[in-house]
Amino acid sequence: MLVLVAPGQGAQTPGFLTPWLDLPGVEDRLREWSAAIDLDLVHYGTKADADEIRDTAVAQPLLVAASLISARQLFTTSEDFAAQVGAAAGHSVGELAAAALTGTLSDGAAMTLVRRRGQAMAEAAAVTETGMAALLGGDEAVVLPHLEKLGLTPANVNGAGQIVAAGTAEQIAALVEDKPEGTRKVIPLKVAGAFHTHHMAPAVSALEAAVGESAADEAIADPHTRYVSNKDGQVVSSGQELVQRLVGQVANPVRWDLCMETFKELGVTALIEAAPGGTLVGLAKRALPGVKTLALKTPDDLDAARALIAEHADTAVPAE
């Protein structure tokens, strides 16, 4: 069974969209979305520097656009996707790309919502100086109480020995100086806020309003392919519930570890990560041994992805 996943914030690098613009229709699509959300995706994806694309309000739409563009090269219709993909998920903001790819949202609606999500989270992050740091290694039974002692939230429980902590700048600095016993390394992340924590509560209200406006203009459909939620790793079959989970997840932890457990339970044999791929494939290699993985980094990876799909798509099953 094939699983398709979409990466979250932090996966972007300067110029990462450049090679994708060589594909027919891609630049036109990006310019169409750019006009709709008032953000020049072509500029930010090809010419902007690392600091510019670190901005939450820029990074999030860029990432969703890249995931949609790259995945649509492999699955041109909803029927293709449903017939060949057994399950889909996205990490944090990647959930919006997964919601579009599984048919709950249109691509345009996903881009509109991610633009508002990024703006709202950037506004919430500006209230207090906050940040995030990845902890590599260590036992959860030791790491989680240590984070609680420092006032930090385990914002991403990613599995494969990785937890991302979030909190104020002072709390992150204290963690760097006093890492949990058994943790190999603490790496401050290049993100502009404490995402998936109570610091993001104002963004939840803003996104709820945006979802309400979007629902008035466009129907929310039930997913045509199994959608695995960050909230608890469960398969969500209702489009309305899926969208409500997207809203609440802004201020709640990402349980990617549970998503990977669900992939395993469903019988995953291959996993493809949409562009800019790499992070989730790295986690899967450690947590899902024996599963074939492929990260879409540039269009040069598309042929290998198509071969992997041909090998594993015959075991795909429709959403229940």
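Residues numbered from 1 in each chain as written. Predicted model: local features only at pLDDT ≥ 70, side-chain atom pairs only at ≥ 80, totals over all residues. Heavy atoms only, no water.

**Q** Before we move on, could you go through the overall build of the chain and cite the residues and values that matter?
**A** Tallying secondary structure elements over the chain gives 14 helices and 10 strands in all. For the chain, the C-alpha radius of gyration of 18 Å lies close to 20 Å, the compact-globule estimate for 320 residues. Counting only C-alpha atoms and orienting by the principal axes, one finds that the chain spans roughly 50 × 45 × 35 Å. Counting over 320 residues, the chain shows a buried share of 56%. For the chain, restricting intrachain contacts to residue pairs at least 6 apart in sequence, the fraction spanning at least 24 positions comes to 73%. By element, 50% of the accessible surface of the chain is carried by carbon and sulfur atoms, the whole surface being about 12800 Å². (Helix = DSSP H or I, 4+ residues; strand = E, 2+ residues; numbered from the N terminus. Rg over C-alpha atoms; globule rule 2.2 N^0.38 Å. Buried < 20%, exposed > 50% of the residue type's maximum accessible area, 1.4 Å probe, protein only. Contact = heavy atoms within 4.5 Å. Areas by Shrake-Rupley, 256 points an atom, 1.4 Å probe, with all protein chains shown as cover.)

**Q** Go over the pattern of salt bridges, please, and point to the residues and values.
**A** Enumeration over the complete set of coordinates arrives at 10 salt bridges. Between Arg116 and Glu123 there is a salt bridge, and its shortest N-O distance comes to 3.9 Å. On the accessibility criterion, Glu123 (48% relative accessible area) is partly exposed. As a salt-bridge pair, Arg255 and Asp257 come within 2.7 Å of each other at their nearest N and O atoms. Taking relative accessible area as the criterion, Arg255 reaches 25% and is therefore assigned partly exposed. Via salt bridges that share partners, Asp232, Glu241 and Arg245 belong to a single interconnected network. (Salt bridge = Lys/Arg side-chain N within 4 Å of Asp/Glu carboxyl O.)

**Q** How would you summarise the layout of surface pockets if you had to cite specific residues and measurements?
**A** When its volume is computed, the largest pocket comes out at roughly 780 Å³. As for the largest pocket, its lining consists of 39 residues, and the residues nearest its centre are Gln9, Gly10, Ala11, Leu189 and Thr279. For the lining of the largest pocket, the secondary-structure elements that each account for two or more residues are helix 3 (50-54), strand 3 (130-136), strand 4 (153-159), strand 5 (162-168), strand 6 (185-188) and helix 13 (279-287). Here the lining of the largest pocket is composed, by residue class, of 18 nonpolar, 15 polar and six charged. (1 Å grid on protein atoms, 1.4 Å probe; cavity = no way out; pocket = protein on both sides within 12 Å on 5 of 7 lines; lining within 4 Å. Points joined across faces, edges and corners; volume = space filled by probe spheres on them. Nonpolar A, V, L, I, M, F, W, Y, C, P; charged D, E, K, R; others polar.)

**Q** So what's going on with the packing of aromatic side chains? Residues and values would help.
**A** This structure, assessed with the given rule, holds two aromatic pairs. Ring geometry for Phe75 and Phe81: centres 5.1 Å apart, planes at 70°, overall edge-to-face. Each member of the pair Phe75 and Phe81 is classed as buried. Between the aromatic rings of Trp256 and Phe263, the centroid separation amounts to 5.9 Å while the plane-to-plane angle is 80°, which identifies the pairing as edge-to-face. Like Phe263, Trp256 is buried. (Phe/Tyr/Trp six-rings, centres within 6.5 Å; stacked < 30°, edge-to-face > 60°.)

**Q** Help me get a handle on the nonpolar core, residues and values and all.
**A** Of all hydrophobic cores here, the largest spans 83 residues; its most connected members are Leu30, Leu41, Leu105, Met111 and Ile272. The element that contributes the greatest number of residues to this core is helix 4 (residues 56-74), accounting for 10 residues. Ignoring sequence-local partners within four residues, the contact set of Leu105 consists of Leu96, Ala99, Ala100, Ala110, Leu113, Val243 and Leu246. In terms of nonpolar packing, the next biggest core, distinct from the first, is built from 20 residues, Val228, Trp256, Val268 and Val281 among them. (Core = buried A, V, L, I, M, F, W, Y, C linked by side-chain atoms within 4.5 Å.)

**Q** Got a sec to walk through empty space enclosed by the protein? Specific residues and values, please.
**A** The probe, sized like a water molecule, is rolled over the atoms to show the empty space still left. Here the structure, examined in full by the defined rule, presents one cavity of 30 Å³ or more. Quantified by volume, the largest cavity comes out at close to 80 Å³. Surrounding the largest cavity, Ser92, Val93, Glu95, Leu96, Leu113, Arg117, Leu207, Val211, Val243, Leu246 and Gln249 form its lining.

**Q** Run through the environment of Val186, naming residues and quoting values.
**A** Mapping Val186 onto the fold places it in strand 6. Classification of Val186 as buried rests on a relative accessible area of 15%. Along the sequence, Val186 and Val176 sit 10 residues apart, while their C-alpha atoms lie 5.9 Å from each other. Once you skip the residues sitting within four places of it in the chain, Val186 turns out to touch Ala133, Ala134, Leu135, Leu175, Val176 and Lys179.

**Q** I'd like to hear about the environment of Ala169, residue by residue, with values.
**A** Secondary-structure assignment places Ala169 in helix 9 (residues 169-177). Ala169 gets classed as partly exposed once you look at its relative accessible area, which sits at 26%. Leaving out residues up to four positions away in the same chain, Ala169 has contacts with Glu129 and Thr130.

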